[in-house]
Amino acid sequence: MTGLSDPRYRALAATQFSSVTPENAMKWERVEGNRHAHTWAAADAIARFATENDQKLRGHTLVWHDQLPRWLTDGHFTPAELRTLLRTHVTTLAQRYAGAVTAWDVVNEPLDDDGSPHRTLWHDALGSDYIAQVLTWAHAADPGARLYLNEFNVHEESPKTKALYNLAASLLDRGVPLHGIGFQCHLLLGQDVSELARTLNRFAELGLEVAITELGVRMLSPVTSAKLAAQAACYRAVVEECLAVPACTGLTIWGVGDAAAWVPEGSRSPYGSPTLYDDEYRPKPAREAVARALGTVP
Ligand code: G3I
């Protein structure tokens, strides 16, 4: 969620969705931009919004390599100091929203496309096992929350998908508290999603929940009615694949409307229009396609 100050955004967010995810408000740079000086107002407002509208709240994200505060990335901390800082951050955030957050994207984007661990501040300082450690800390801080690894480009078989599967399997083997895998699904119009249900099922066979956590279908400008129809078909296919998998617990669209939606490279990008509502928050064909797939259109 970004855009709560716009009444059109608020109205749609309140009435058209049963779950909300803070798009940026719970990220480390936003909650502790200055060391020891937490700013919770934006994240609290989203948590309150979810409660007021009887919606689930998905926490995003406890550990990532992006959107970290400068004091942390430029701080020249030792590995031992970084471990303590990370533990404190994870514990503070998870405890603050304990009981409010249903599921956390605990570790965001831990892998590279070739399947190797993504080299990050955390990986380089703490080794690959930082993932097991943060899941354990998150569970201690909020034993009721479902804990997810969240990754992109894993909607079909690939070296990255295989590595994620192996990582999840080994964490479960060791008894690490991992409950689910989030499949982001930032798609480009025309991308094949026919393997999605099969992929979700493979992870479900490990005993995990799965969720589509950041769905968007962006297109090259200009927007045409043919592209909007193709976008609607793609949205519908993704919803149907999630519905076909009993372990698929939810589907989140990354943005309420195109007006404030994320696309790679921001305003410089030739791609855009990834959501269900246009720049004026009018419903697009994809909005009806999703409703039909969900059976909420008579
Ligand atoms: O709020 C500032 C504004 O004050 C400033 O003037 C402006 C100038 O660039 O930047 C604004 O912040 C931007 C922020 O989005 C809010 O719009 C940041 O620059 C920009 O980097 C940030 O992008 C976010 C991106 O993560 C960062 O990588 C997107 O909103 C957010 O949708 C996106 O979300 C990620 C998920 O967390 C993880 N999966 C991928 C997804 C897309 O990258």
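Scroll up to find the structure.
Analysis parameters
- Residues numbered from 1 in each chain as written.
- Predicted model: local features only at pLDDT ≥ 70, side-chain atom pairs only at ≥ 80, totals over all residues.
- Heavy atoms only, no water.
- Axes fitted to C-alpha atoms, helices over the stretch in contact; angles between N-to-C directions.
- Helix = DSSP H or I, 4+ residues; strand = E, 2+ residues; numbered from the N terminus.
- Parallel < 35°, antiparallel > 145°, perpendicular 65-115°, else oblique.
- Left-handed = near helix turned anticlockwise from the far one by under 90°.
- Contact = heavy atoms within 4.5 Å.
- Nonpolar A, V, L, I, M, F, W, Y, C, P; charged D, E, K, R; others polar.
- Buried < 20%, exposed > 50% of the residue type's maximum accessible area, 1.4 Å probe, protein only.
- Disulfide = S-S within 2.5 Å.
- Phe/Tyr/Trp six-rings, centres within 6.5 Å; stacked < 30°, edge-to-face > 60°.
- Lys NZ or Arg CZ within 6 Å of the ring centre and 35° of its normal.
- Near = heavy atom within 4 Å.
- Polar contact = N/O pair within 3.5 Å; in protein donor to acceptor, adjacent residues only side chain to side chain.
- Areas by Shrake-Rupley, 256 points an atom, 1.4 Å probe, with all protein chains shown as cover.
- Salt bridge = Lys/Arg side-chain N within 4 Å of Asp/Glu carboxyl O.

Right, let's get into the packing of helix H10 (residues 225-243) against helix H11 (residues 285-294). Viewed as axis vectors pointing N to C, H10 and H11 meet at an angle of 25 degrees, and their least axial separation amounts to 8 Å. Viewed along their axes, H10 and H11 adopt a mutual orientation that is roughly parallel. The interaxial crossing formed by H10 with H11 has right-handed handedness. Contacts between H10 and H11 involve Leu228, Gln231, Ala232, Tyr235, Arg236, Val239, Glu240 and Leu243 from the first element and Pro285, Ala286, Ala289, Val290, Arg292, Ala293 and Leu294 from the second. Among the residues making up the contact of H10 with H11, the classes are represented as 11 nonpolar, 1 polar and 3 charged.

We now examine the environment of Trp262. Mapped onto the elements of the fold, Trp262 is located in the loop between strand E8 (248-253) and strand E9 (271-272). A relative accessible area of 39% means that Trp262 is categorised as partly exposed. Taking C-alpha positions, Trp262 is 17 Å from Asn150, a pair spaced 112 residues apart along the chain. If near-sequence neighbours (up to four positions away) are discounted, Trp262 is found in contact with Glu23, His186, Trp254 and Pro274.

Attention now moves to the side chain of Lys160. Tracing the sequence through the fold places Lys160 in helix H8 (residues 159-173). Excluding residues that lie within four positions of it along the chain, Lys160 makes contacts with Leu111, Asp112, Asp113, Gly115, Glu151, Phe152, Asn153 and Val154.

A complete count under the given rule lists 1 disulfide for this structure. One disulfide in the model links Cys242 with Cys248; its S-S distance is 2.2 Å. Judged by the sign of its S-S torsion, about -100 degrees, the cystine formed by Cys242 and Cys248 is left-handed. Residues Cys242 and Cys248 agree in their burial class; the two are buried. Just so you know, Cys185 is unpaired, no disulfide at all, and the nearest cysteine sulfur is the one on Cys234, 8.9 Å from it. The class of Cys185 is buried, set by a relative accessible area of 5%.

Applying the stated criterion to the full structure yields 7 aromatic pairs. Arranged with centres 6.2 Å apart and planes meeting at 75 degrees, the rings of Trp28 and Trp71 form a pair that is edge-to-face. Of this pair, Trp28 sits in helix H2 (residues 28-31) while Trp71 sits in helix H4 (residues 70-73); the two residues are 43 residues apart in sequence, bridging distant segments of the chain. As far as the burial class goes, Trp28 and Trp71 line up, both buried. Following the ring pairs from residue to residue traces out a cluster consisting of Trp28, Trp71, Phe77 and Trp122. Above the plane of the ring of Tyr148 lies Arg58, whose end atom (NZ or CZ) is 4.3 Å from the centre.

To continue, consider the site of the ligand. Around the ligand, the surrounding shell holds 15 residues, and the nearest of these are Glu23, Lys27, His60, Asp66 and Glu214. Within the side chain of Glu109, one N or O atom sits 2.8 Å away from a nitrogen atom of the ligand. In this structure, an oxygen atom belonging to the ligand sits 2.9 Å away from a side-chain N or O atom of Trp254. With the chains in place, 51% of the 790 Å² that the ligand exposes on its own is no longer accessible.

The next point concerns the packing of helix H9 (residues 196-204) against H10. Viewed as axis vectors pointing N to C, H9 and H10 meet at an angle of 30 degrees, and their least axial separation amounts to 9 Å. Judged on the interaxial angle alone, H10 and H9 are roughly parallel. Between H9 and H10 lies a crossing of right-handed hand. Counting all contacts with H9, which are made through Leu196, Ala197 and Leu200, the residues of H10 involved are Val238, Glu241 and Cys242. Of the residues belonging to the contact of H9 with H10, the class tally is 5 nonpolar, no polar and 1 charged.

Another aspect to go through is the pattern of salt bridges. Pairs can form between side chains of opposite charge once their charged atoms are near each other. This structure, assessed with the given rule, holds 16 salt bridges. With a shortest N-O distance of 2.9 Å, Arg70 and Asp74 are connected by a salt bridge. Relative accessible area serves as the criterion here: at 63%, Arg70 is assigned to the exposed category. Among the residues examined, Asp74 registers a relative accessible area of 43% and is labelled partly exposed. The salt bridge involving Lys160 is made with Glu151; its shortest N-O contact spans 3.2 Å. Judged on exposure class, the residue Lys160 and its partner Glu151 are both buried. Through salt bridges with shared partners, one network takes in Asp6, Arg8 and Glu280.

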